[in-house]
Amino acid sequence: AEKHAGVSCVTASMDDIQFEEAARIGQIITIRAKVNRAFKTSMEVGIKVTVQDLLTNVEKVVSGAYATYVAKPVGAGKIELDPVKLLSTEDQLEHTLAVERRRIRLGYEEVFQNLMQESNKEGDYYTFEEEGAVSTDITHVQSIELVQPPHANHHGNTFGGQIMAWMETVASISASRLCHSYPILKSVNMFKFWGPSVVGDRLVFNAIVNNTFQNSVEVGVRVEAYNCEEWIKDQARHINSAFLIFNTVNDKGELLTFPRIKP
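Just so it is clear, the model here is predicted, and its values are computed rather than measured.

Asker: Break down the overall build of the protein chain for me, with residues and values.
Answerer: Helices and strands together make up the secondary structure of the protein chain, namely four helices and eleven strands. Whereas a compact globule of 263 residues would reach a radius of gyration of roughly 18 Å, the protein chain reaches 20 Å, a difference of no more than 12%. C-alpha extents for the protein chain along the principal axes are approximately 60 × 55 × 35 Å. Considering the protein chain as a whole, with its 263 residues, one finds that 35% of them fall into the buried category. Taking contacts inside the protein chain between residues at least 6 apart in sequence as the whole, the part at least 24 apart equals 70%. Separation between the mean location of the 26 positive side-chain charges and that of the 33 negative ones in the protein chain comes to 6 Å.

Asker: Residues and numbers for the UniProt feature "domain: HotDog ACOT-type" (unreviewed entry) in the protein chain, please.
Answerer: Feature annotation in UniProt assigns "domain: HotDog ACOT-type" (unreviewed entry) to the following positions: residues 1–75 and 137–252. The distance separating the terminal C-alpha atoms of residues 1–75 is 19 Å; by composition the span is 5% helix and 61% strand. Across residues 137–252, the secondary structure splits into 22% helix and 41% strand, with the terminal C-alpha atoms separated by 31 Å.

Asker: Help me get a handle on the pairing of strand β4 (residues 59–71), residues and values and all.
Answerer: With eight bridges joining them, strand β1 (residues 9–19) and β4 adopt antiparallel strand pairing. From the neighbouring strand, Gln-18 faces β4, where its bridge partner is Gly-64. Pairing between strand β3 (residues 42–52) and β4: eleven bridges, direction antiparallel. Bridge pairing links Gly-46 to Tyr-66 in β4. Here β3 folds back onto β4, and the loop between the two strands holds six residues, one of which, Asn-57, carries a positive phi near 65 degrees.

Asker: Kindly report on the packing of aromatic side chains, identifying the contributing residues and their values.
Answerer: Using the criterion set out here, one finds four aromatic pairs in the structure. Where Phe-112 meets Phe-243, the ring centres are 5.9 Å apart and the plane angle is 40 degrees; that geometry is what we call tilted. Here the residue Phe-112 occupies a position in helix α2 (residues 89–122), and Phe-243 occupies one in strand β10 (residues 237–247), the gap between them amounting to 131 residues. A relative accessible area of 36% places Phe-112 in the partly exposed class. Here Tyr-226 and Trp-231 contribute two aromatic rings whose centre-to-centre distance is 5.1 Å and whose plane-to-plane angle is 85 degrees, an arrangement assigned as edge-to-face. Overall, Tyr-226 belongs to the buried group, its relative accessible area being 8%. Taking NZ or CZ as reference, Arg-101 lies 3.6 Å from the ring centre of Tyr-66, over its face. If you follow Lys-192 out to its NZ or CZ, it ends over the ring of Trp-194, 5.4 Å from the centre.

Asker: How would you sum up unusual backbone geometry? Please name residues and give values.
Answerer: The phi torsion at Asn-57 lies on the positive side, around 65 degrees, for a residue other than glycine. Tracing the sequence through the fold places Asn-57 in the loop between β3 and β4. Despite not being glycine, Met-190 shows a phi value in the positive range, around 50 degrees.

Asker: Hey, could you go over the side chain of Asp-91 for me, with residue numbers and the actual values?
Answerer: Tracing the chain through its elements places Asp-91 in helix α2. Side-chain polar atoms of Asp-91 contact the backbone nitrogen of Leu-87, separated by 3.1 Å. In contact with Asp-91, other than residues within four places in its own chain, are Lys-34 and Leu-86.

Asker: Could you give an account of the environment of Glu-109, with specific residues and numbers?
Answerer: Its place among the elements puts Glu-109 in helix α2. Since its relative accessible area comes to 22%, Glu-109 is described here as partly exposed. Taking C-alpha positions, Glu-109 is 9.0 Å from Met-190, a pair spaced 81 residues apart along the chain.

Asker: A description of the sheet that holds β10 should follow, citing residues and the corresponding values.
Answerer: The strands making up a sheet associate through backbone hydrogen bonding, with each pair oriented either parallel or antiparallel. Spatial strand order, β2-β3-β4-β1-β7-β10-β9-β8-β6: nine strands in an open sheet with antiparallel pairing. Strand pairing shows two members of the sheet lacking a second neighbour, β2 (28–38) and β6 (141–146), which therefore form its edges. Strand-to-strand twist of the sheet, defined as the mean angle between neighbouring strand axes without regard to direction, takes the value 25 degrees. In the packing of helix α3 (residues 160–179) onto the sheet, contacts are made with β1, β6, β7 (184–193), β8 (202–212), β9 (217–226) and β10, and the angle to β8 comes to roughly 45 degrees.

Asker: Any details on the domain arrangement of the protein chain? Residues and values, ideally.
Answerer: Many descriptions give the size of an interface as the accessible area lost when the pieces come together. Under the domain assignment, the protein chain is made up of domain 1 (1–113) and domain 2 (133–262). The interface of domain 1 with domain 2 comprises 15 residues on the first partner and 13 residues on the second. On the domain 1 side of the interface with domain 2, the three residues burying the most area are Met-14, Ile-17 and Phe-19, jointly 37% of the side's total. In this assembly, domain 1 and domain 2 are joined by zero salt bridges. Contributions of two or more residues to the side of domain 1 that touches domain 2 are made by β1 and α2. The dominant element in the side of domain 1 that touches domain 2, judged by the number of residues it contributes, is β1, at nine residues. Residue classes in the side of domain 1 that touches domain 2 are distributed as seven nonpolar, four polar and four charged.

What counts, and where the lines are drawn
- Residues numbered from 1 in each chain as written.
- Predicted model: local features only at pLDDT ≥ 70, side-chain atom pairs only at ≥ 80, totals over all residues.
- Heavy atoms only, no water.
- Helix = DSSP H or I, 4+ residues; strand = E, 2+ residues; numbered from the N terminus.
- Rg over C-alpha atoms; globule rule 2.2 N^0.38 Å.
- Buried < 20%, exposed > 50% of the residue type's maximum accessible area, 1.4 Å probe, protein only.
- Contact = heavy atoms within 4.5 Å.
- Lys, Arg positive; Asp, Glu negative; His and termini not counted.
- Charge placed at Lys NZ, Arg CZ, Asp CG, Glu CD.
- UniProt positions renumbered as here; feature names shortened; annotations may be inferred.
- Pairing = 2+ DSSP bridges.
- Phe/Tyr/Trp six-rings, centres within 6.5 Å; stacked < 30°, edge-to-face > 60°.
- Lys NZ or Arg CZ within 6 Å of the ring centre and 35° of its normal.
- Polar contact = N/O pair within 3.5 Å; in protein donor to acceptor, adjacent residues only side chain to side chain.
- Axes fitted to C-alpha atoms, helices over the stretch in contact; angles between N-to-C directions.
- Domains from an automatic or database assignment.
- Buried area = accessible area lost by both parts, 1.4 Å probe.
- Salt bridge = Lys/Arg side-chain N within 4 Å of Asp/Glu carboxyl O.
- Nonpolar A, V, L, I, M, F, W, Y, C, P; charged D, E, K, R; others polar.

Encoded structure:
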């Protein structure tokens with residue numbers, strides 16, 4: 001992203017993060033990234049992660065994702081990004097699809113805002129009756145992390161990947177309380193950066209199961225940041241949110257069914 005912009009960039013969001021294979025100790029991981037399309041002040045970067053088994057020499061796709069970066073101007077100057085040079089048919093396809101992914105992402109945000117407004121109008125009255133349903137209270141997990149220098153980039157901002165790793169840990173614990181097994185992360189949806197966090201901040205992670213489906217469960221995670229003064233005054237900054245999808249398997253590799261939940 002910074003190669004294309006010529007200046008520093010900050011991550012705005014991560015979309016469509018899918019996990020196809022598990023990467024294990026002793027395997028070689030290759031990460032390929034390229035700018036698919038530049039908009040006025042932002043760009044989409046496609047990321048593909050593959051793993052190579054040393055014994056079989058077989059290469060498999062572990063994960064793929066699309067990250068949106070915003071160019072950070074130096075001083076008061078304005079930035080308008082140059083268009084991407086398309087060198088192949090694949091480049092042309094990704095360039096076209098980037099517009100559609102952007103449109104879908106903005107559409108999601110509008111739908112969610114409308115749903116939240118409607119929910120607030122209806123009030124907090126909600127009844128749910130289903131025999132055998134498990135209360136989501138048992139799935140609420142909170143974790144607190146202190147951002148230290150190894151967790152931050154050269155700007156002093158917390159690595160997006162570090163935040164994602166902490167989010168996955170707390171979400172995995174939340175899902176495990178429902179399935180009483182080891183959940184497997186399959187995808188991360190709507191991973192949004194609402195604001196930065198820096199070295200010295202305390203990050204509070206809250207995770208809870210939102211809903212279960214036949215063979216999968218969605219865990220919502222909200223991240224809030226506090227500096228020392230904000231911590232004393234209990235004034236949180238909402239910096240991240242995401243929805244993580246897990247499933248779990250038995251010893252034979254068969255998908256297990258999740259119980260219904262009571263919100």
